[in-house]
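Observations on the model geometry
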Amino acid sequence: MTNWLITKNNSKVNLLDIPTLEMSQLRSEIISQEKRPVGFFGKDWGFGTTRLFVILADDDNGELLISSAMFSAEQKSYESLTQDVPSFHIFEREFYEQFGIEPLNHPWLKPVRQNQDKYEFFEMKGDEVHQVAVGPIHAGVIEPGHFRFMCNGETVYHLEIMLGYQHRGVEDMMVKQPSNQLAESICGDSVIAYNTVYSQIMELLKDIEISPKAQLIRKAALEMERAAIQIGDMGAVAGDIAYAMGSAVFGVTRTLVINTMLEWSGSRFGRGLINVGGVNFDISEDEIKLTLKTLDKVAKDVDRMAKTMLKNSSVMSRLEKTGTVSLEKAKEIGLVGMAAKTSGIPLDTRFDYPDKWMKELNFEKKPFKGVGDVNSRFKLRYKEVKESLSMVRKILAKLKDYEKEPVLVNSNKELSKDSLAISIVEGWRGEVVHIAMTDGNGNLSRYKIKDPSFNNWYGLALAVRNNGISDFPLCNKSFNLSYSGNDL
């Protein structure tokens, strides 16, 4: 397969080894591979040229395929991939927005982030069709986003979501002044996932191997983050259907988990815990005992409340068949993470691209049967909370084998030259992807980030079709996507 460089997750390759094809050939190659995209981005290659890098995921074999194409200064278009592989729709829009190279015949070529000057919304005509505009300023304390509903009476025919209100230029900042503090600030509810994936990227480029103890602490923190957010979101779903008991119990229970993170690191969200070279804080034996005791209570409380909710006919009437995304549509538009799993796509990079601990600790991928509705998304959260708490218990028990190891090793090393590093971490929403490049002097020259929300916002738009407009807040909470993770 000379047109692709095949590698693994958490790997570094030489830029000179990545094939460069004509765009028409690369397009044909992508279509023939039938793999899903995890990276599709450009890099200014000098003298007016642009190099497009494409990274495809082979989830069945745990491999990543990398190739590229070069665009001359005069070459300002190519035939869109989205016509044949719809999951490229958002990637091609972003590439066009950043480099001005147009994917011809793209069915929905609109801005991703640079929206505020001119944005043409989809219009529906008819005497009984009306529009409802919500945001970008919202009644709750949430981030900005504009939602434009096309309705007939209470029924939503189409929802268009416009983001980009807080485009911060994170990728450029990462090139100029990379740091753990910047990484953990990109998406505030995924501090551990983002700080882990950034640290792994830098460790790859610096040829740093962190201790097994530090690896295990990171892994435990990631599952604590998953459990905390999923519990909180179960409460948010309960709140949106006016099930006050569920909202209160899940809210209090989430606090138990994040307060445990406070004991570990001094921050309820794990800020400052992870550093390039390992972690900044050890977990003492007393902290482990207290954590295990807390997790026992958390597991019992979540179990009791979830089972009570799911037996309630009023609750089920609101959750079942609301906000459904079919398996076919989920595959077509390229959903990832939670949104994908609840529609029947078993994507989970913890298991599809496992590190050594997944096998050593006997963590197994357990199937989930969902139909893509709010009920499925609630039940998956419940399942993942139980699994994450179980994983944390095993990880903390394993820490005893590495009691005398350091938690942090020297990270004051130079970056590798002419390299591309890729790391994928399964955050609670789904895969967080970071890709970094260095030039011939060993300086960062490109830093690419993909949050799972980048894939999944369009899934929310599809979920509300043919639902009542009053169901939108519930659908929205059930996805709980990131504005900041999309806007970057």
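Residues numbered from 1 in each chain as written. Predicted model: local features only at pLDDT ≥ 70, side-chain atom pairs only at ≥ 80, totals over all residues. Heavy atoms only, no water.

1. Regarding the overall build of the protein chain
Scanning the protein chain from N- to C-terminus turns up 17 helices and 16 strands. Principal-axis analysis of the C-alpha atoms gives the protein chain an extent of 70 × 65 × 35 Å. Expressed as a percentage of its 488 residues, the buried residues of the protein chain come to 58%. Counted over contacts in the protein chain with a minimum sequence separation of 6, partners at least 24 positions apart contribute 68%. Accessible surface, the protein chain: about 20400 Å² in total, of which carbon and sulfur atoms supply 49%. (Helix = DSSP H or I, 4+ residues; strand = E, 2+ residues; numbered from the N terminus. Buried < 20%, exposed > 50% of the residue type's maximum accessible area, 1.4 Å probe, protein only. Contact = heavy atoms within 4.5 Å. Areas by Shrake-Rupley, 256 points an atom, 1.4 Å probe, with all protein chains shown as cover.)

2. Regarding the packing of aromatic side chains
One pair of aromatic rings is described through two measures. These are the centre distance and the angle between the planes. Applying the stated criterion to the full structure yields 19 aromatic pairs. The ring of W45 is capped by R51, whose NZ or CZ atom sits 4.8 Å from the centre of that ring. Directly above the aromatic system of Y382 lies the positively charged group of K386, at a separation of 4.4 Å from the ring centroid. (Phe/Tyr/Trp six-rings, centres within 6.5 Å; stacked < 30°, edge-to-face > 60°. Lys NZ or Arg CZ within 6 Å of the ring centre and 35° of its normal.)

3. Observations concerning the state of the cysteines
Scanning all chains against the criterion turns up zero disulfides. A disulfide-free cysteine, C151 has its sulfur positioned 13 Å from the sulfur of C475, the nearest such atom. A relative accessible area of 0% places C151 in the buried class. (Disulfide = S-S within 2.5 Å.)

4. Some points on the sheet that holds strand β14 (residues 419–426)
In spatial order, the strands read β2-β14-β15-β16; together these four strands make up an open sheet with antiparallel pairing. Each having just a single partner strand, β2 (11–14) and β16 (444–450) make up the two edges of the open sheet. Sheet twist, expressed as the mean angle between neighbouring strand axes with direction ignored, is 15°. Alignment of β14 against strand β15 (residues 431–438), held across seven bridges, turns out to be antiparallel. Each residue of the ladder has a partner; that of V425, found in β15, is V432. (Pairing = 2+ DSSP bridges. Axes fitted to C-alpha atoms, helices over the stretch in contact; angles between N-to-C directions.)

5. With respect to unusual backbone geometry
Most peptide bonds take the trans configuration, and most residues that are not glycine carry a negative phi. For the bond running from G135 to P136, omega is 15°, close enough to zero to count as cis. Along the chain, the position of P136 falls in the loop between β9 (129–134) and β10 (146–152). In the Ramachandran plot, D418 falls in the positive-phi region, its phi being about 45° despite a non-glycine side chain. Overall, the relative accessible area of 28% leaves D418 in the partly exposed class.

6. Topic: the domain arrangement of the protein chain
Examined at the domain level, the protein chain breaks down into domain 1 (5–104) and domain 2 (170–451). With 31 residues of domain 1 at the contact, the number on the domain 2 side is 30 residues. Buried area between domain 1 and domain 2, summed over both chains or domains, comes out near 2500 Å², and the portion from carbon and sulfur atoms is 59%. For the pair domain 1 and domain 2, the interface holds three salt bridges. Connecting domain 1 to domain 2 are 17 residue pairs in polar contact (both at pLDDT 80 or more). The set of elements that each furnish at least two residues to the side of domain 1 that touches domain 2 consists of β2, β4 (36–46), β5 (49–58), β6 (63–71) and α2 (89–99). Among the elements that line the side of domain 1 that touches domain 2, the one with the most residues is β4, at six residues. By residue class, the composition of the side of domain 1 that touches domain 2 is 13 nonpolar, ten polar and eight charged. (Domains from an automatic or database assignment. Buried area = accessible area lost by both parts, 1.4 Å probe. Salt bridge = Lys/Arg side-chain N within 4 Å of Asp/Glu carboxyl O. Polar contact = N/O pair within 3.5 Å; in protein donor to acceptor, adjacent residues only side chain to side chain. Nonpolar A, V, L, I, M, F, W, Y, C, P; charged D, E, K, R; others polar.)

7. Thoughts on the side chain of K448
Examined against the element boundaries, K448 turns out to sit in strand β16. Assessed through its relative accessible area of 5%, K448 is described here as buried. Within polar-contact distance, the side chain of K448 engages the side chain of E94 at 3.1 Å. If we ignore the near neighbours within four places in the chain, the residues touching K448 are F41, E94, E171, V433, H434 and I435.

8. Focus: helix α1 (residues 23–33)
Every buried residue belonging to α1 is among M23, L26, R27, E29, I30 and Q33, and all of these are buried. The arc that holds every buried residue of α1, seen down its axis, measures 165°, which confines them to one face. E34 sits one or two positions beyond α1 and adopts a positive phi of about 55°. (Arc of directions from axis to C-beta.)

9. Notes on the sheet that holds β10
Backbone-to-backbone hydrogen bonds pair the strands of a sheet. The strands run either parallel or antiparallel. One open sheet accounts for three strands, arranged β9-β10-β11; its pairing is antiparallel. Edge strands, defined here as strands with exactly one partner in the open sheet, are β9 and β11 (155–162). Between one strand axis and the next, the sheet turns by 20° as a mean value, whatever way the strands run. The pairing of β10 with β11 spans seven bridges and is classified as antiparallel. Residue pairing for β11: R148 is matched across the bridge by E160. Across the face of the sheet, helix α15 (residues 452–463) comes into contact with β10 and β11 while running at roughly 160° to β11.

10. Re the pattern of salt bridges
Enumeration according to the criterion identifies 32 salt bridges in this entry. Its salt-bridge partner being R429, residue D189 comes within 2.7 Å of it at the nearest N-O pair. In this pair, D189 is assigned in the loop between α4 (180–183) and α5 (191–206) and R429 in the loop between β14 and β15, connecting sequence segments 240 residues apart. You can call D189 partly exposed: its relative accessible area is 22%. A relative accessible area of 5% places R429 in the buried class. D233 is paired through a salt bridge with R381; the nearest N and O atoms lie 3.1 Å apart. Taken together, the residues D233 in helix α6 (residues 212–240) and R381 in helix α14 (residues 374–398) connect sequence positions 148 residues apart. Connected through salt bridges with shared partners, the residues E223, R226, K341, D348, R350 and E384 form a single ionic network.

11. Let's talk about the pairing of β5
β5 sits mainly inside the fold: nine of its ten residues count as buried. Two strands pair when backbone bridges link them, and β4 and β5 are joined in this way by nine bridges, in the antiparallel orientation. The residue bridging K43 from the neighbouring strand is R51, located in β5. Joining the antiparallel neighbours β4 and β5 is a turn of two residues, in which F47 adopts a positive phi near 55°. Relative to β6, β5 is paired through nine bridges, and the arrangement is antiparallel. Within β6, the position partnered with V54 by the bridge is S67.

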